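Each chain, written out:
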Amino acid sequence: MRADWGLLRDSAAARAVAAQIARESTRPLKIMEVCGSHSHCIARHGIASLLPPTVSLVPGPGCPVCVTPQSEVNLAGDIADLPGVTLATFGDLVRVPGSEMSLADRRAAGADVRIVHSALDALNLARAEPDRQIVFVAIGFETTAPTVAAALLAARDAVISNFSVLALHKTMPPAMRRLLEIGEAGINAFLCPGHVSAVIGSRAYEFLPDEFGAACAIAGFEPLDVLLAILALVRQWEAGQPRVEVEYSRIVRPDGNRRALDVLNQVFEACDTDWRGLGTLPDSGLRLRPRFAEFDAEARHCVQRRPAPPHPACRCGEVLRGVLLPPDCGAFGRACVPEHPLGPCMVSSEGACAAAWNYQR
Amino acid sequence: MSRLAESEVTEPLCIAVPCPLVTRDGPWGEVVLGESRMKVRLDLVEEAEVGDWVIIHAGFAIERVDEGEARETLKMLAEVLDPGVPNPPAEEP
């Protein structure tokens, strides 16, 4: 398998597939990618520049840190400020500005905020430091949620009582539905996420062609994976036959990873939740099931969510809805740069603004 | 704004990479990532065997790579490239 894998990164092959896309595309097609790693790949490899004028790519709400609303960033900060608490978080979240302070600012002011690579790392912290309350900030889509669920099952089995989770997970299909319902970005097709789809399966997107006529292709993360998926979308669009195609079939099955879904569903259940830029979406979040209530950081530490508007000059919400491209934002590269971000899309390396800043200047 | 230490500039949350599974012991396994070995949990891919490639995310293997399907993708690519040029011509016109 690995011997000819390099073909998926071959620049001549990329130009040849792009040329085929140009030959077959006759009418405008606007494709949204809803995975931060795809945005990163597209920007890094200059894929948009290979495409004909009929085909446009726009980033959407695919970066987990970016869709976390201001209220949830503040909530994590409120917990970090509590005495005796250690907040364990993925590194991407630490520099996202809160209403008053980022987690990095709070740490500088004395809060115990530590960066971990997984929920298991946070659980190990709880084992190593039994006198501290360890709170893991559980952000991420369906790719990440099963890993947190598995860590919680382990915590329950090992009776670890100083570990809890701030459950902020979000699920992707409801956001895609809302984007098409709003209709403001004029999206015709989705480049569907690869690793979210590994968990939830390709069938989870069938409502998009069926109800909205949107073309869908699930792509891997090599440049040729993305280009082949775009070719598939062009062919669906030209034929007037939108459906869900899987270009990433080496990983993605129609029903996803049933074991991962089973673990996820043992621990979490769907709930309404807020997204940056999209508002409250029904059944788009994951909360702990009642039998895991003892691990709920919000209840354990008596913190409450408070509505919080984003920074007045920050237009991340419009970027996440696909109605504003990063370079068209007045703050991009001026008031908002990676060293001094106004919003999360410039912080996370998967954010659309950071990708544009790093690769397209 | 406080600055992050260099060691804290982490990979993106969502990153997930294919790695070969080289050992398996119950729910734990070891994969090779670049030059190093990494311990991972296999709770979510119970059928994974030594020799499989698995996708690693946040300390867990989240799915096995299906080699037959991987060849299908390469075949699909070859079909698009067939009348074209998998390799650049030796001389530019």
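Residues numbered from 1 in each chain as written. Chains lettered and ligands numbered in written order. Predicted model: local features only at pLDDT ≥ 70, side-chain atom pairs only at ≥ 80, totals over all residues. Heavy atoms only, no water.

Draft legend 1. Molecular detail of empty space enclosed by the protein. Residues and elements named next belong to chain A. The tally for this structure, following the rule as stated, stands at three cavities of 30 Å³ or more. Taken as a whole, the largest cavity holds about 100 Å³ of empty space. The wall of the largest cavity is formed by 13 residues, among which Arg-315, Cys-316, Cys-329, Cys-336 and Cys-353 lie closest to the centre. (1 Å grid on protein atoms, 1.4 Å probe; cavity = no way out; pocket = protein on both sides within 12 Å on 5 of 7 lines; lining within 4 Å. Points joined across faces, edges and corners; volume = space filled by probe spheres on them.)

Draft legend 2. Representation of the sheet that holds strand 1 (residues 29-33) of chain A within the structure. All names here are of chain A. If you walk across this open sheet you meet the five strands as 2-1-7-8-9, and the pairing is parallel. Strands at the two margins of the open sheet, each flanked by one partner only, are strand 2 (55-59) and strand 9 (244-246). Ignoring which end each strand starts from, the neighbouring axes of this sheet average 20° apart. (Pairing = 2+ DSSP bridges. Helix = DSSP H or I, 4+ residues; strand = E, 2+ residues; numbered from the N terminus. Axes fitted to C-alpha atoms, helices over the stretch in contact; angles between N-to-C directions.)

Draft legend 3. Helix 2 (residues 36-44) of chain A, seen in detail. Residues and elements named next belong to chain A. Across the nine residues of helix 2, seven count as buried, placing the element largely inside the fold. All of the buried residues in helix 2 are Gly-36, Ser-37, His-38, Ser-39, Cys-41, Ile-42 and Ala-43. Gly-46 lies just past helix 2 and shows a positive phi near 60°. (Buried < 20%, exposed > 50% of the residue type's maximum accessible area, 1.4 Å probe, protein only.)

Draft legend 4. Main features of the pairing of strand 7 (residues 189-192) of chain A. Residues and elements named next belong to chain A. Neither face of strand 7 is left uncovered, since the one carrying Ala-189 and Leu-191 and the one carrying Phe-190 and Cys-192 both have all their residues buried. Alignment of strand 1 against strand 7, held across three bridges, turns out to be parallel. The residue bridging Met-32 from the neighbouring strand is Phe-190, located in strand 7. Summarising the sheet, strand 7 and strand 8 (residues 215-218) pair through four bridges and their orientation is parallel. Each bridged residue has a counterpart across the sheet, and for Leu-191 the counterpart in strand 8 is Ala-217.

Draft legend 5. View of the state of the cysteines. Residue and element names in this part refer to chain A. Counted by the stated rule, this structure contains one disulfide over all chains. Between the sulfur of Cys-63 and that of Cys-66 lies a disulfide, 2.4 Å long from S to S. Its torsion about the S-S bond being 70°, the disulfide of Cys-63 and Cys-66 is classed as right-handed. A single burial state applies to Cys-63 and to Cys-66, both of which are buried. With no disulfide of its own, Cys-41 lies 9.5 Å from the sulfur of Cys-35, the closest cysteine sulfur. Here Cys-336 stays unpaired: no disulfide links it, and the sulfur of Cys-353, its closest cysteine neighbor, is 6.2 Å away. (Disulfide = S-S within 2.5 Å.)

Draft legend 6. Expanded view of the nonpolar core. All names here are of chain A. Within the largest apolar cluster, 115 residues are counted, with the highest numbers of intra-cluster contacts made by Phe-136, Phe-163, Phe-190 and Phe-268. For this core, the element with the most residues is helix 8 (residues 145-157), which contributes eight residues. Aside from chain neighbours lying at most four places away, what touches Phe-190 is Ile-31, Met-32, Val-34, Met-176, Leu-179, Leu-180, Leu-208, Ala-215, Cys-216, Ala-217 and Leu-233. Core analysis: the next-biggest nonpolar cluster, separate from the first, contains 35 residues, Leu-8, Leu-57, Ala-229 and Val-234 among them. (Core = buried A, V, L, I, M, F, W, Y, C linked by side-chain atoms within 4.5 Å. Contact = heavy atoms within 4.5 Å.)

Draft legend 7. Spotlight on the packing of helix 8 of chain A against helix 13 (residues 258-267) of chain A. All names here are of chain A. Between helix 8 and helix 13, the shortest axis-to-axis distance is 8 Å and the interhelical angle comes to 60°. Considering the angle they form, helix 8 stands oblique to helix 13. In this structure, helix 8 meets helix 13 at a crossing whose hand is left-handed. Here helix 8 contributes Ala-145, Pro-146, Ala-149, Ala-150, Leu-152 and Leu-153 to the contact with helix 13, which in turn contributes Ala-260, Val-263, Leu-264, Gln-266 and Val-267. Class assignment of the residues belonging to the contact of helix 8 with helix 13 gives a composition of ten nonpolar, one polar and no charged. (Parallel < 35°, antiparallel > 145°, perpendicular 65-115°, else oblique. Left-handed = near helix turned anticlockwise from the far one by under 90°. Nonpolar A, V, L, I, M, F, W, Y, C, P; charged D, E, K, R; others polar.)

Draft legend 8. Local environment of the interface of chain B and chain A. Opposite the 41 residues of chain B that make contact, chain A presents 56 residues. For the pair chain B and chain A, the summed buried area comes to about 4300 Å², and 69% of that belongs to carbon and sulfur atoms. The interface formed by chain B and chain A contains two salt bridges. Contributing elements (two or more residues each) for the side of chain B that touches chain A: strand 4 (53-57), strand 5 (60-64) and helix 1 (67-81) of chain B. Looking at the side of chain B that touches chain A element by element, the count peaks at nine residues for helix 1 of chain B. (Buried area = accessible area lost by both parts, 1.4 Å probe. Salt bridge = Lys/Arg side-chain N within 4 Å of Asp/Glu carboxyl O.)

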